[in-house]
Amino acid sequence: MKDHWLVRPATIRLLWALFVAALVAVVLVQLVVPVPGHFGIDGRFGFGAWFGFGSCATMILVAKLLGALLKRKDTYYDD
């Protein structure tokens, strides 16, 4: 049986390349279209990309910390 087209390695590489190209294009559009900032720093070039990346990384770190703090032993539900 053939693999689904979304799980083929060639398709995954192509999708990653398309996603990265789209993200780079969106950031580069700021060279042509000015983005008015409301707080000073949010008007800088690529602020949305850096802020989004930082927010995502922070959420991952907080989730890992919560997982470590709230983790139970494997035998928690055993009698």
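This one's a predicted model, so the numbers in the text were calculated from it and none came from an experiment. (Residues numbered from 1 in each chain as written. Predicted model: local features only at pLDDT ≥ 70, side-chain atom pairs only at ≥ 80, totals over all residues. Heavy atoms only, no water.)

*Asks:* For this particular structure, what's the right way to read the overall build of the chain?
*Replies:* Counting its regular elements, the chain contains two helices and zero strands. The C-alpha atoms of the chain give a radius of gyration of 21 Å, which is well past the 12 Å a tight globule of 79 residues would have. Taken along the three principal axes of its C-alpha coordinates, the chain extends 65 × 45 × 10 Å. Here the chain holds 79 residues, and the buried ones make up 4% of them. (Helix = DSSP H or I, 4+ residues; strand = E, 2+ residues; numbered from the N terminus. Rg over C-alpha atoms; globule rule 2.2 N^0.38 Å. Buried < 20%, exposed > 50% of the residue type's maximum accessible area, 1.4 Å probe, protein only.)

*Asks:* For this particular structure, what's the right way to read the packing of aromatic side chains?
*Replies:* The description of an aromatic ring pair rests on the distance of the ring centres and on the angle between the ring planes. Following the criterion strictly, the structure yields two aromatic pairs and no others. Seen from their ring centres, Phe47 and Phe51 are 5.4 Å apart, and the 25° between their planes marks the pair as stacked. In this pair, Phe47 and Phe51 are both assigned in helix H2 (residues 47–70), four residues apart and thus about one turn of the helix distant. Centre to centre, the rings of Tyr76 and Tyr77 are 4.9 Å apart; their planes meet at 85°, and the pair counts as edge-to-face. A residue is classified by how much of its surface remains accessible, and Tyr77, at 75% relative accessible area, is exposed. (Phe/Tyr/Trp six-rings, centres within 6.5 Å; stacked < 30°, edge-to-face > 60°.)

*Asks:* Just to check I follow, could you spell out the environment of Ile60 for this structure?
*Replies:* Checked against the element boundaries, Ile60 lands in helix H2. Residue Ile60 is classed as partly exposed on the basis of its relative accessible area, which comes to 47%. Along the backbone, Ile60 and Gly40 are 20 residues apart, and their C-alpha atoms lie at a distance of 27 Å.

*Asks:* Any chance you could explain the environment of Ala25 here in plain terms?
*Replies:* Relative to the helices and strands, Ala25 resides in helix H1 (residues 9–28). Residue classification places Ala25 among the partly exposed positions, given a relative accessible area of 38%. Sequence separation between Ala25 and Arg8 is 17 residues, and the spatial gap between their C-alpha atoms is 26 Å.

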